[in-house]
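# A look at the structure
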Amino acid sequence: MKYQDILDIVGLNSHEKQITATVKISSVEDFRALFSGGLTDTQRTNFAKHIPSTAGQENKIYNLDFLEQIVSHVYANTELRSAEAQKFVDEAFPIEIDVLTGENVTISSDMMIGPGARPYLINADTLTIDGGSLTVTSTALTIRANKLVFTKNQKSAETYHIGILGQTGTNGSKGPDGRPYDSPAQAGASASAPTPGICSGASNGDGGLAGSSGAEGGSGQNGKDGLANLPANISIAALDESAEDFVIFTQSGMGGDGGDGGTGGSGQIGGHGGQGCNSGCEGTDGGNGGAGGNGGVGGNGGNGGSGADGNPIVITFPTAGKGKLNVISMDAKPGTGGRKGVGGSGGRGGFAGSGGKHKSGGASGSQGKFGADGKAGPIGQHDGSPGNVTYHFT
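I will try to describe carefully the structure that is included in this document. What you see is a predicted model; the values in this text were computed from it and never measured.

Here the focus is the pattern of salt bridges. Enumeration according to the criterion identifies seven salt bridges in this entry. For the salt bridge of Lys333 with Asp383, the shortest nitrogen-to-oxygen distance reads 3.6 Å. Of this pair, Lys333 sits in the loop between β13 (325-330) and β14 (389-393) while Asp383 sits in the loop between β13 and β14, placing them 50 residues apart in sequence. Linked by salt bridges that have partners in common, Glu96, Asp98 and Arg118 make up one network.

Here it is, written out as structure tokens:
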């Protein structure tokens, strides 16, 4: 598809300088012409073979089954498999796309598009990489240029010129910590004189009740699976003779990390011992303090999310510059599991009740034990494979 043909579809005039515009595409046929026009039968066949399956996956951003069908419909010319998918397409159009176009388009900064942005189209007679880069994340991309030129400017922070990435899954939230107790366990009753001023026959102070165990820490939330990179179609008709390597990097969405487990709650403080009778010249022993409660068990770490398999990428490039095309593909790693929650500290023992006159005080309650730690969350189930790259050298 030629430079002017694309301008005709998007309704823009030719401009010597680059312009950026958001335009409406009225039909899936026009969208196919813009984003997959010019693909060879071999490219379309290979594309269809490598569209990642979305079976069993969930995503709140878009209907994955419909997405899989629409991608195949646009890039591989397959028929939509269901009336529901056809209805989805009919209702989706017209859609908006972002267009960067001009007779001379220059990328002089590190441009970031996405995640989940409108489909992005670069249409240039001459595309100049002037020390910049373009990174698209979970966003459909098409680049069409009659000629690719590089300057000697090396100011980009990226190690590539074009990055085709998937979105990393959201990290899981940390589990809640075990809730602390507001007050100690019930104190022992203090002894009183049966007869005013006389402790004969009085009981000792009662022991305080043992503290309850601390509340368990909550489990960390699971990390979300990564989102795939969306399809990309890069077509370069000619390469400047002095051009350096043209580096394209692709990696689909990595899995999100699982959330850490919450810390177990502290054990309840033991009840304080009751006071012994203390009246006149007599007294009784004080009660023992209750044992402190054991700390709560720490929460388990959340599971890491899995990496997403990437959507295909098609590249058309001049045969004469084949040795200068450098495509780097990397697996999308799964997320790490959340760290285990630490067990809560044991509660302090209750205070001893004091003894009456000439009598002994009770014993202080023992300190509760630390709660057991939770379990660390497992790593995500699998890596995500990078999108398959199909080449056509002209």
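Following the structure, the description resumes.
Spatial strand order, β1-β2-β4-β6-β8-β12-β14: seven strands in an open sheet with mixed pairing. Either end of the sheet is taken by a strand with one partner, and the two such strands are β1 (19-25) and β14. When the angles between neighbouring strand axes are averaged without regard to direction, this sheet yields 15°. Relative to strand β8 (residues 232-236), strand β6 (residues 141-150) runs parallel, the two sharing five bridges. When the sheet's bridge partners are listed, Ile143 is paired in β8 with Ile234.

This part is about the environment of Val342. Within the secondary structure, Val342 sits in the loop between β13 and β14. When the C-alpha positions of Val342 and Gly262 are compared, they lie 7.3 Å apart, and in sequence the two are 80 residues distant. When neighbours within four sequence positions are excluded, Val342 is seen to be in contact with Gly262, Thr263, Gly264, Gly298 and Asp373.

This paragraph deals with the side chain of Thr101. Summarising the element assignment, Thr101 is placed in strand β2 (residues 95-107). Among the polar contacts listed, one links the side chain of Thr101 to the backbone oxygen of Asn123, at a separation of 2.9 Å.

The next point concerns the state of the cysteines. Taken as a whole, this structure holds one disulfide when the rule is applied. Put simply, Cys199 and Cys277 are joined by a disulfide, and their sulfur atoms are 2.1 Å apart. With the S-S bond torsion at -80°, the cross-link from Cys199 to Cys277 turns out left-handed. Taken together, the positions of Cys199 in the loop between β7 (162-165) and β8 and Cys277 in the loop between β9 (246-251) and β10 (278-279) put the pair 78 residues apart, joining distant regions of the chain. Cys277 carries the same exposure label as Cys199, and that label is buried. Left unpaired, Cys281 is separated from the closest cysteine sulfur, that of Cys199, by 10 Å.

The next subject is unusual backbone geometry. Cis geometry is found at the peptide bond from Phe93 to Pro94, where omega equals 5°. Following the sequence through the fold, Pro94 ends up in the loop between α5 (83-92) and β2. Between Gly114 and Pro115 the backbone carries a cis peptide bond, its omega angle lying at 10°. Structurally, the position occupied by Pro115 is in the loop between β3 (110-113) and β4 (120-129). With a phi angle near 45°, Ser138 is a residue other than glycine that sits in the positive phi range. Assignment of secondary structure puts Ser138 in the loop between β5 (133-137) and β6. Using a relative accessible area of 7% as the deciding quantity, one classes Ser138 as buried. Phi is positive for His358, which is not a glycine, with a value near 65°. The topology assignment puts His358 in the loop between β13 and β14.

Scoring rules and cut-offs
- Residues numbered from 1 in each chain as written.
- Predicted model: local features only at pLDDT ≥ 70, side-chain atom pairs only at ≥ 80, totals over all residues.
- Heavy atoms only, no water.
- Salt bridge = Lys/Arg side-chain N within 4 Å of Asp/Glu carboxyl O.
- Helix = DSSP H or I, 4+ residues; strand = E, 2+ residues; numbered from the N terminus.
- Pairing = 2+ DSSP bridges.
- Axes fitted to C-alpha atoms, helices over the stretch in contact; angles between N-to-C directions.
- Contact = heavy atoms within 4.5 Å.
- Polar contact = N/O pair within 3.5 Å; in protein donor to acceptor, adjacent residues only side chain to side chain.
- Disulfide = S-S within 2.5 Å.
- Buried < 20%, exposed > 50% of the residue type's maximum accessible area, 1.4 Å probe, protein only.

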